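Chain by chain, the residues:
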Amino acid sequence: MDEPIVKTIGLKKYFRAGKSGLLNRIFRQEPPLVKAVDNVSIEVQSGEVLGLVGESGCGKTTLGRLISTLETPTDGEIFFTGQKVTRGNWKAIRRQLQMVFQNPYESLDPRQSIKSIVTEPLLKLGFSKAEREAQFEKVMSAVGLDQNFAQRRPKDLSGGQRQRVAVARSIVSTPKFIVLDEPTSALDASVQSQVLNLLVGLRNDFNFSYIVITHNIAVARFISDRIATMYAGQVVELGPTDMVLKDPKHPYTQALLKSVPTLEIKRVEPPHGEVPSLINLPSGCRFHTRCPYVMEKCKTQDPEMRKVGDVNVACWLY
Ligand SMILES: Nc1ncnc2c1ncn2[C@@H]1O[C@H](COP(=O)(O)OP(=O)(O)OP(=O)(O)O)[C@@H](O)[C@H]1O
Ligand SMILES: [Mg+2]
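The notes below deal with the structure included here. Fair warning: this is a prediction, and the values are worked out from it, not measured in the lab.

1. A few points about the sheet that holds strand β8 (residues 177-181)
If you trace the eight strands from one edge of the open sheet to the other, you get β7-β8-β9-β4-β10-β11-β13-β12, paired in mixed fashion. The open sheet has two free edges, formed respectively by β7 (97-100) and β12 (306-308), since each of these has just one partner strand. This sheet shows a mean twist of 20° between the axes of neighbouring strands, independent of strand direction. Here strand β10 (residues 226-231) pairs with strand β11 (residues 234-240) via six bridges, running antiparallel. Counterpart to I227 in the pairing with β11 is G239.

This is the structure we're talking about:
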């Protein structure tokens, strides 16, 4: 098999929570650590779409930002088409990656015209004006937006149109890999399916690989080849979409799916119990405080990902 387009090994991102206050400085204490991404090892194959699902605050955006080289890992490694991302080469690698940010209202600069928003990545890469014009026409038509939008501002556009602009911007430099963070969650259901169909079409036409981050299992099912479930900073299950959805192995994935009986496009209700704080994580398996199958072992030992059939799962039941 070819090298995966993206591979992470033991990826970690720890943030310091808040500023170091006076008392902390007097007592020489660092503010506590937020373990937003903690030991994540995943692969995305060329041409593949991976759906990343999990409750709010479990570290999805942080993982997306790490993979897009927008954030420096605390520890662990990222490989892009087999090449290890380092301090020396991340700029060159970043050119082949794009990220569509979680909120299309905030992520598009309100002062810029649509044309300059969409073609900005090309400007940074040193494309000529003529090349930028040609590429602008091409991507606007690919995302189904009229060229007349060129001189308008984001405020003149509907939510769905803005999301198309964000997608146009992400594909304009023909990246190899895109991270889409909640690409449809701000949209009405009908517009949501238009944007999802657009993404599926672009993938077929341009052979992009991407990660789609979503709260919404139905979105993940529609768009992804494989699904990864994330819980409290870790990926706890990863496998082919139909297998994970038909026969989820991890009790957390099972709980997530139980809460979406019809798989309609709607927001996932989290399972019962408190989401653990990423500052003060439970010992052993992080899910043990909410797990209906908890055993003694789960309270003290953290399970590693292991292969169960075609699915990878981190759980002591297997
Ligand atoms: N720059 C930062 N500094 C400190 N803490 C951060 C930073 N970025 C994220 N965090 C924390 O890391 C944790 C994971 O956040 P992240 O945004 O990755 O979650 P998420 O799964 O994308 O959530 P949502 O579904 O709500 O978008 C949260 O506790 C968040 O507060
Ligand atoms: Mg997020």
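Having seen the structure, we can now continue with the description.
2. Observations concerning the nonpolar core
Counting residues in each nonpolar core, the largest one holds 80 residues, and the members touching the most others are L52, A168, Y210, I211 and V212. Among residues more than four places away in sequence, those in contact with V212 are V49, G51, L52, L180, P183, A220, I223 and S224.

3. What about the site of ligand 1?
The environment of ligand 1 is made up of 13 residues, and the closest members are F15, A36, S56, T61 and T62. Among the elements of the structure, β2 (33-40) and α2 (60-67) are those that each provide at least two residues to the shell around ligand 1. Take the shell around ligand 1: its biggest share by element is three residues, from α2. Of the residues contributing to the shell around ligand 1, the split by class is five nonpolar, seven polar and one charged.

4. Quick word on the packing of helix α7 (residues 159-171) against helix α8 (residues 189-206)
At a minimum axis distance of 10 Å, the contact between α7 and α8 shows a crossing angle of 20°. Regarding the angle of α7 to α8, the classification is roughly parallel. α7 and α8 meet at a crossing whose hand is right-handed. Residues G159, G160, Q163, R164, V167 and I171 of α7 pack against V191, Q194, V195, L198, L202 and F206 of α8. Of the residues belonging to the contact of α7 with α8, the class tally is seven nonpolar, four polar and one charged.

5. Remarks on the packing of helix α5 (residues 114-124) against helix α6 (residues 129-142)
Direction vectors running N to C along α5 and α6 enclose 125°, while the axes themselves pass 10 Å from each other. For the element pair α5 / α6, the angle class is oblique. For the element pair α5 and α6, the recorded crossing hand is right-handed. On α6, the residues touching K115, V118, T119, L122 and L123 of α5 are E131, R132, Q135, F136 and V139. Here the residues of the contact of α5 with α6 are counted per class, giving five nonpolar, two polar and three charged.

6. Here we look at the pairing of β7
On β7, burial covers both faces: L97 and M99 on one face and Q98 and V100 on the other are all buried. Here β7 runs beside β8; their pairing, made up of four bridges, is parallel. Residue Q98 lies in a different strand from β8, and its bridge partner there is I178.

Rules and cut-offs
Residues numbered from 1 in each chain as written. Chains lettered and ligands numbered in written order. Predicted model: local features only at pLDDT ≥ 70, side-chain atom pairs only at ≥ 80, totals over all residues. Pairing = 2+ DSSP bridges. Helix = DSSP H or I, 4+ residues; strand = E, 2+ residues; numbered from the N terminus. Axes fitted to C-alpha atoms, helices over the stretch in contact; angles between N-to-C directions. Core = buried A, V, L, I, M, F, W, Y, C linked by C-beta atoms within 7 Å. Buried ≥ 20, exposed ≤ 12 C-beta atoms within 10 Å, placed from the backbone. Contact = placed C-beta atoms within 7 Å. Near = placed C-beta within 6 Å. Nonpolar A, V, L, I, M, F, W, Y, C, P; charged D, E, K, R; others polar. Parallel < 35°, antiparallel > 145°, perpendicular 65-115°, else oblique. Left-handed = near helix turned anticlockwise from the far one by under 90°.

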